[in-house]
Structure formats: C-alpha cells, structure tokens
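Residue strings, one per chain:
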Amino acid sequence: MADRPIDERLTASQDERVVDALSRVSNFMSEVTDIRRLLTLIMEETERVMNSDASACMLYDGATDEMYFEVTTGEKADEVKSIRLKRGQGFGGICLAEERTLIVNNVQQDQRHDSRADAKSQFVTRNLVATPMRHRGEMIGVLEVLNKKGRRDYDDGDAQILRILADQAAIAIVNARLVEHNIQRERLAAIGVAVSGVAHHLKNLIATMKPSLPLLRQAAEKQNVRLMETILPILERGASRMEQSVQEMLAYSKEREPELERTDLNRLVREILEESRPRADQAMVDLREEFDSSIGEPYLDKHRLHDAILNIVSNAIEAQMGSGKESYVAARTRIGRQGGVFVIEIEDNGPGIDEVTLSKIFQPFFSTKGSKGTGLGLAVAQKVAEENGGSLTAQSVVGRGTTFTFRLPIIESLPERKAATEED
Ligand SMILES: Nc1ncnc2c1ncn2[C@@H]1O[C@H](COP(=O)(O)OP(=O)(O)OP(=O)(O)O)[C@@H](O)[C@H]1O
Ligand SMILES: [Mg+2]
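What counts, and where the lines are drawn
- Residues numbered from 1 in each chain as written.
- Chains lettered and ligands numbered in written order.
- Predicted model: local features only at pLDDT ≥ 70, side-chain atom pairs only at ≥ 80, totals over all residues.
- Heavy atoms only, no water.
- Helix = DSSP H or I, 4+ residues; strand = E, 2+ residues; numbered from the N terminus.
- Rg over C-alpha atoms; globule rule 2.2 N^0.38 Å.
- Buried < 20%, exposed > 50% of the residue type's maximum accessible area, 1.4 Å probe, protein only.
- Contact = heavy atoms within 4.5 Å.
- Lys, Arg positive; Asp, Glu negative; His and termini not counted.
- Charge placed at Lys NZ, Arg CZ, Asp CG, Glu CD.
- Near = heavy atom within 4 Å.
- Polar contact = N/O pair within 3.5 Å; in protein donor to acceptor, adjacent residues only side chain to side chain.
- Nonpolar A, V, L, I, M, F, W, Y, C, P; charged D, E, K, R; others polar.
- Domains from an automatic or database assignment.
- Pairing = 2+ DSSP bridges.
- Axes fitted to C-alpha atoms, helices over the stretch in contact; angles between N-to-C directions.
- Donors = N, O, S within 2.8 Å, 3.2 Å for Na, K, Ca; no water.
- Salt bridge = Lys/Arg side-chain N within 4 Å of Asp/Glu carboxyl O.
- Expected span 1.5 Å × (residues − 1).

J.: Could you clarify how one ought to interpret the overall build of the protein chain in this entry?
T.: Summing up its helical and strand segments, the protein chain has 12 helices and 13 strands in all. Taking 22 Å as the expected radius of gyration for a compact globule of 424 residues, we find that the protein chain reaches 34 Å, considerably beyond that expectation. The principal-axis extent of the C-alpha atoms belonging to the protein chain is close to 95 × 65 × 50 Å. Relative to its 424 residues, the protein chain shows a buried fraction of 43%. Look at the contacts in the protein chain between residues 6 or more apart in sequence, and 65% of them connect residues 24 or more apart. Where the 56 positive side-chain charges of the protein chain centre and where its 68 negative ones centre are 4 Å apart.

J.: Help me understand the site of ligand 1 in this model?
T.: In the neighbourhood of ligand 1, 21 residues make up the surrounding shell, with Asn315, Ser367, Thr368, Lys369 and Leu378 lying closest. The separation between an oxygen atom of ligand 1 and a polar side-chain atom of Ser367 is 2.6 Å. One of the side-chain nitrogen or oxygen atoms of Lys369 is found 2.7 Å away from an oxygen atom of ligand 1. At 4 residues, helix H9 (residues 302-319) tops the list of elements feeding residues into the shell around ligand 1. Class assignment for the residues of the shell around ligand 1 results in 8 nonpolar, 9 polar and 4 charged.

J.: When you look at the domain arrangement of the protein chain in this model, what are you seeing that I'm missing?
T.: Accessible area lost during the coming together of the parts is what is often quoted as the interface size. Structurally, the protein chain comprises domain 1 (12-182), domain 2 (210-253) and domain 3 (261-409). For domain 1 and domain 3, the distance between their C-alpha centroids amounts to 60 Å.

J.: Could you clarify how one ought to interpret the sheet that holds strand E2 (residues 66-72) in this entry?
T.: Consider a sheet: its strands pair through backbone hydrogen bonds, and that pairing is either parallel or antiparallel. As summarised here, the arrangement of the 6 strands in space is E3-E2-E1-E6-E5-E4, forming an open sheet in which the pairing is antiparallel. The sheet is open, and its two borders are formed by strand E3 (84-86) and strand E4 (102-104), each paired with just one other strand. Neighbour-to-neighbour, the strand axes of this sheet turn through a mean angle of 25°, independent of strand direction. Bridging between strand E1 (residues 52-61) and strand E6 (residues 138-148) involves 7 bridges; their strand directions are antiparallel. Pairing of Leu59 across the sheet is with Gly141, part of E6. Its contacts with the sheet put helix H3 (residues 90-98) on E1, E2, E3, E4, strand E5 (128-135) and E6, and the angle it makes with E6 is roughly 140°. This element, helix H5 (residues 156-209), spans E1, E4, E5 and E6 of the sheet and lies at about 40° to E5.

J.: Help me understand the coordination of the magnesium ion (ligand 2), please; the structure alone is not making it clear to me.
T.: Geometrically, a metal with four donors at the corners of a regular tetrahedron has ideal angles of 109.5 degrees, and one with six donors at the corners of a regular octahedron has ideal angles of 90 or 180 degrees. The protein atoms that coordinate the magnesium ion (ligand 2) are Asn311 (OD1) and Asn315 (OD1), at distances spanning 2.3 to 2.4 Å. Pair noted here: Asn311 and Asn315 are both in helix H9, with a separation of 4 residues, about one helical turn. On the basis of relative accessible area, Asn315 is assigned to the buried category, the value being 18%.

J.: Would you take a moment to explain the pattern of salt bridges for this structure?
T.: As a working rule, side chains carrying opposite charge can pair if their charged atoms are close by. Evaluation of the coordinates by the stated rule reveals 26 salt bridges. The partner of Asp61 in a salt bridge is Arg84, and the shortest N-O contact between them spans 3.1 Å. Separated by 23 residues along the polypeptide, Asp61 in strand E1 and Arg84 in strand E3 bring together distant segments of the chain. Under the relative-accessibility criterion, Asp61 is labelled buried at 17%. The residue Glu271 makes a salt bridge to Arg267 at a minimum N-O spacing of 3.6 Å.

J.: When you look at the sheet that holds strand E13 (residues 401-409) in this model, what are you seeing that I'm missing?
T.: Strands sit in the order E8-E10-E11-E13-E12 across an open sheet of 5 strands; the sheet is mixed. This sheet does not close on itself; its edge strands, each paired only once, are strand E8 (285-290) and strand E12 (391-397). Taking the axes of each pair of neighbouring strands and ignoring which way they run, one obtains an average angle of 15° across the sheet. Bridge analysis of E12 against E13 gives 7 bridges, and the strand direction is antiparallel. Paired with Ser391 across the strands is Arg407, a residue of E13. Along the sheet, helix H11 (residues 377-387) contacts E12 and E13; its crossing angle with E12, the most-contacted strand, is approximately 135°.

J.: Would you mind showing me how to read the environment of Arg256 here?
T.: With respect to the helices and strands, the residue Arg256 is situated in the loop between helix H7 (225-253) and strand E7 (261-262). In the structure, Arg256 is positioned 213 residues away from Met43 in sequence and 40 Å away in space, judged by C-alpha atoms. In contact with Arg256, not counting residues within four places along its chain, are Asp301, Arg304 and Glu387.

J.: Got a minute to help me understand helix H2 (residues 35-49) in this structure?
T.: The terminal C-alpha atoms of H2 lie 21 Å apart, and with 15 residues this matches the ideal 21 Å at 1.5 Å per residue to within 8%. All of the buried residues in H2 are Leu38, Leu39, Thr40, Leu41, Ile42, Met43, Glu45, Thr46, Glu47 and Val49. The first or second residue beyond H2 is Asn51, which carries a positive phi of 50°.

J.: Got a minute to help me understand the pairing of E2 in this structure?
T.: Side-chain positions along a regular strand alternate between the two faces of the sheet. Judged by how many residues are buried, E2 sits mostly within the fold: 6 of 7 residues are covered. Two successive antiparallel strands, E1 and E2, enclose a turn made up of 4 residues, where Asp65 displays a positive phi of approximately 60°. Of the strand pairs in this sheet, E2 and E3 are connected by 3 bridges, and their pairing is antiparallel. Looking at the pairing, Glu66 lines up with Lys86 of E3.

Here it is as structure tokens:
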C-alpha cells in the first residue's frame, strides 16, 4: 500500500476538518513563540484531525545525516528523545532517504520497523503515516502520526492531510530558527559593543595610572616622600574613577524596581546644585534655579534620581569649562502642562550638541571625553527615568545650548503593600 501513488483528493468532510485545523494552527503560529510548545500544539491538532493516538516530530541533523526525535506525544514521550535514525533506518530514516510519504498499516510485521522507540516509550505502534517536512527543497524533518483510533487503517486521505500539516510545521520550525538566530546575533552584537566599550574605557583609565607606577617605585627606593605624595593622588583618582565606572556599569546592567519615597523635589535639586557649586565656580558657570513651589513632595526614587540629575548638571558644567562667555546652568522644576507629570529641566547655554552626536548620547559608552568619561551617565539617567515610568530627552541647538528634560509621573499614593492586599 505504501508504494502506490497516493490519491490526492479529500472528501468534503475531511476538507472541512483540515481547514479548521489549519486555521487553529495558523493562530498558534502567530501567538506561540516557543518552538517545542508550538510543535506540540501542531501535533495535538494533527492527532485530533487524523483521529490518532499519538504523534512524533523528528528533525534532520545535517551534520550526522540522521533523524532525531524532537517532540513526541504520549506518556513516556521523553524516553524516545535519545534515539537517532540513520538515513534509511526505520520509517523516519526511510522518509529521509526517499523523501516521500509512507502509510504503514501493519507496523509490527514490517521488516523496516525500528522497534527502539516503541520499547522505550512502552507504546505499541500498530499503524502510522510518516511524511517529510521540507522547506524550499531543504529537508527539515519528519512528521508522523500513530495508531488510528477505532482500530482503523490509514488511507490516502490521511496522508494528504498529514502533508498539509507537515508543511505548516516546517514553516513554524524555519521561522523559529530564524528568530532564534537573529536574537543570538543581536545579543552577540550587543555584547561585542558593550565589551569593547568597557575595554576601551578601562584601557584609558589604566593608561593614566600606569606611568605613575615606575615613578612610585623610584620614589620608594629613594625614600622620596614628597614625590610619593604627588604620585599617590593620581593613583587614588584613577582607582576611584574605575570604581565609579564599574558601579555605573552595574547600575546600567541591572533591572531595578524604583524605591519610591516622599521627596521635597525642589530641595533635592537645590542640594544637587550646591554639590556642583565648587566645579561650577571653577568653570565660571553661574548656577540658576527656577522652582515651582507648588510641586511639593511627590513620591520618587530619590537616590537614583539624585545621581541622574547630578550627572546632567555635571555634563552641563563640563561642556562649558573655560568657554569664557557668560555661562549658566539653569535647573527648573514645574508641573507638566497636561497635568499628571512633573518636569525637571536642566538648561545650559554651552556649545550645544550636533544632530549626529545627539542621536548617540544616550547610548552606553558613548562619550566625547576620552578617559574622563565612561559614557554611561546619560544611559543610566535615561534608564532611571524609564524605570520610574517617565522619560528623559534632550534638545540642543549648536552654539546656543542644550536642555535635558525629565518627565516623571506624579504618584499620589503608593500601591498597597502586597501582603495587605493578599489578606483582603
Ligand atoms: N550639556 C551638554 N552639552 C554638550 N554635550 C553634552 C552635554 N551633556 C552631554 N553631552 C555629551 O554627551 C556625552 C555623553 O554623556 P554621558 O553623561 O553619558 O557620558 P560622559 O559625561 O561622557 O561620561 P560619564 O559616564 O562619566 O558621565 C558626553 O560625552 C558629551 O559629549
Ligand atoms: Mg556624564
């Protein structure tokens, strides 16, 4: 029976069942991304439409030219996974070798039957249909249904239905592999960018510290305390820069729940300006505050927001270092025009940022400051804003200055503590 041409026609009721099954399969394909889960759903649908007790999906391993069981249904399905079929071995291997559908209604008497899967799964295969899954001429695997219910035989209609579903399964597998491949590639690319950023930055920091080491050795040998005292601060600064960079990298890489507490926002911003004053004086930059006094004490992630705003104020001061003109950095707080958010703006009248640079400033490790900058400040600040349900954006005009704007939701009250709601 397996060797005569298969009648391609389906009866009207078979047609309906197949169309039904296909529409469900196409739903699964758009909703389920996990390939094993997706194959299981396709196989369950196949079993249902083909009135069968079990099914198996084998995949082709091009490296060894073998078939292996990827998903099987039934109670002891997992036991079967270690079995591999060579080209021509068992019905799976024959499908691979001959690239055609097999209908076998007397499996136990058939010489070609490889009984290992039955033995391992303690399943007795009475009859089966197996068909190759191909995509654009490439062998993907074999889909197999086993034991038609009611002790009936499989026929050409069954083979036809299985082929239609096998085409769908092949597409699902190819798509899932493509997605997996792309994710992998993106992940590798992201790691590559991050690692080269870290390496480059640390290399710069080490380069500033390294020349001091032989000098320090000489100073120690000559017991030259004065020289030692000049060199040590250089090394201390380098070490603390490295420590700060590593902390920023960790802050950037970790997902973190905001720790909200009632905070006097204007006071927080004023404290940041005070902390920045020595450097602002050095750079001859005037610090200005324009606070909306109605802003009160919103809930916010005080410590993280402090660091984020401090970095932006520091950037604004650094950008104007030695510019000679009447430089200022203005910190503004206000309620958003549409309500529901509060806004913190840090404006400077420094050199501004050109369009190409502006598109990169929030990228981790982007910095124009050489060894003095990690390039994580704005990336972390933006992450903090987003973790708090808000945003951080930048507008700039070359020659006129730059404004960074935080928009954060006004949170009136904290969500009830979890334990309390669960008790209710
Ligand atoms: N106010 C500003 N005016 C001009 N350029 C700015 C301003 N703020 C940021 N930039 C540019 O954006 C880049 C990225 O800033 P970011 O704070 O992320 O890193 P950084 O200051 O270089 O290093 P660090 O990680 O130590 O903060 C800066 O190197 C600088 O080129
Ligand atoms: Mg910075």
